[in-house]
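Geometric and topological summary
Listed here are the chains, written in short residue letters.
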Amino acid sequence: MDFKIEAKDIATKARSGQITTAHGKIETPIFMPVGTVGSVKAVQVSDLKTDVKAQIILGNTYHLYLRPGLEVLKKAGGLQKFNGWNRPILTDSGGYQVYSLSGTRKLSEEGVVFRSHIDGSKHLFTPERVIDIERCIGADIMMAFDECTPYPCSYDYARKSMQMTHAWLDRCIAQYNATEPLYGYHQTLFPIVQGSVYKDLRRESAEKIASVAKEGCSIGGLSVGEPKEVMYELTELVCDILPKDIPRYLMGVGTPENILEGIAQGIDMFDCVMPTRNGRNAMLFTKNGILNMRNKKWAEDFSYIEEDGASYVDTLYTKAYLRHLFHAQEFLAGMIGSLHNLAFYLWLVGEARKHILLGDFAIWKSGMVKQVMQRL
RNA sequence: GGGGGGAUACCAGAGCGGUCAAAUGGAACAGACUGUAAAUCUGUCGGCUUCGCCUUCGGAGGUUCGAAUCCUCCUCCCCCCA
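To start, this report covers the structure provided alongside it. (Residues numbered from 1 in each chain as written. Chains lettered and ligands numbered in written order. Predicted model: local features only at pLDDT ≥ 70, side-chain atom pairs only at ≥ 80, totals over all residues. Heavy atoms only, no water.)

**Remarks on the layout of surface pockets**
Estimated volume of the largest pocket: approximately 790 Å³. For the lining of the largest pocket, the element with the most residues is helix α11 (residues 274-280), which contributes five residues. Those elements that provide at least two residues to the lining of the second largest pocket are α1 (45-52) and α13 (331-358). Examining the composition of the lining of the second largest pocket, we find that nine residues originate from one element, α13, more than from any other. For the lining of the second largest pocket, the residue count by class is nine nonpolar, two polar and six charged. (1 Å grid on protein atoms, 1.4 Å probe; cavity = no way out; pocket = protein on both sides within 12 Å on 5 of 7 lines; lining within 4 Å. Points joined across faces, edges and corners; volume = space filled by probe spheres on them. Helix = DSSP H or I, 4+ residues; strand = E, 2+ residues; numbered from the N terminus. Nonpolar A, V, L, I, M, F, W, Y, C, P; charged D, E, K, R; others polar.)

As structure tokens, this is what we get:
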């Protein structure tokens, strides 16, 4: 994997660049749609490519391991072939499930025993095992196995968890170095900064990650409920420590505002379920603000979803019609919402990139944040 | 013509003497959602000057300390037999 920085903003720490993977190039800053079980929910691959203009999508190690399972993925020749995407894929390691499925798993220094949310069966995930699974999935970018700490989180717990994540990282790297890709193309490994909301822990973790990161690195454990100001402050602190010449990925973030702030602090990659999940739940992000498409006020609004929107659905359907679809619980409603939101997110990071290259990112951003976050 | 059942809030539908402004669904209205156990979840849902009060359970009377619940009559609906 290769990363070239093309431009650096002067007023902020934003930068634009290009990542080259075995499955294609990625222009940064970039937003990566989430496709947990191998599919970006409610969105066709064809639309992801031509309409959303996604360049890389996520998959999830825990979910794909459980279903369809490693044998199928191996026989398919990797996830890129299996799901028809054939472009760059990043897999989350299951570290988020350590957090989100905390009620059905047991955590120890060795690893995590998950109780399958599908059938209740037990599955041990160790750092070594996670790397093996990610090899089977064939992700271009594999995430190290970590614990995403909850919020709030005591200092003591955060410190121990961070130390464990660091120990797991060393084991991930060892396993990474001891194994080969299964499908003949290069896979890279991103380590993850943890440390909850504690600055000294974040600093320590960032230093650890900086010392081992080769081709990219990431920041985890944020956007789990802490105030956004805390997230911004910690992102800045961490970015100042992380290597400048490799991509930085802020995991699980976020709202359009979060993403623009992240870009300003030097983040290159983002992912979040928000555009798809909220899109399925009738919340639309537009360049003029946020709409709840279930609201009565759209019942007889026959204007297009977004007159100059980024997706073809924006001028194919009216607000009144989309509201009707949501009320009628038609699958099409969630498909339109997801497609619209993803196209908006990709448009947003594309614009950010454009303005970084132009040199007026800071001005553009402050106007855009206000515009994009207002409620319509 | 004879016999029986029923009318409850926007809809459907519990309740069958006090703990009922009335269960439960649905609809409606609003909100939440940040490395997806989510096409999910939450709240409100008679009125008001809202720790209380007022008006409601087809209509009119009555019994009772007290009625959506019991009695009488009326109106409408449904079913069975001829």
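Having put the structure on the table, let's press on.
**Structural notes on the protein's contact with RNA strand B**
Around RNA strand B, the surrounding shell holds 44 residues, and the nearest of these are S100, C148, M251, V273 and T276. When atoms of RNA strand B within 4 Å of the protein are split into backbone and base, the sugar-phosphate part holds 47%. Between RNA strand B and Y96 there is a distance of 3.1 Å, counted from a phosphate oxygen to a side-chain nitrogen or oxygen. Within the side chain of N258, a nitrogen or oxygen atom sits 3.0 Å from a base nitrogen of RNA strand B. For the surface near RNA strand B, the secondary structure elements donating two or more residues are β5 (57-60), α5 (95-100), β15 (269-272), α11 and α12 (319-327). Top contributing element to the surface near RNA strand B by residue count: α11, with five residues. Tallied by class, the residues present in the surface near RNA strand B amount to 13 nonpolar, 21 polar and 10 charged. (Near = heavy atom within 4 Å. Polar contact = N/O pair within 3.5 Å; in protein donor to acceptor, adjacent residues only side chain to side chain.)

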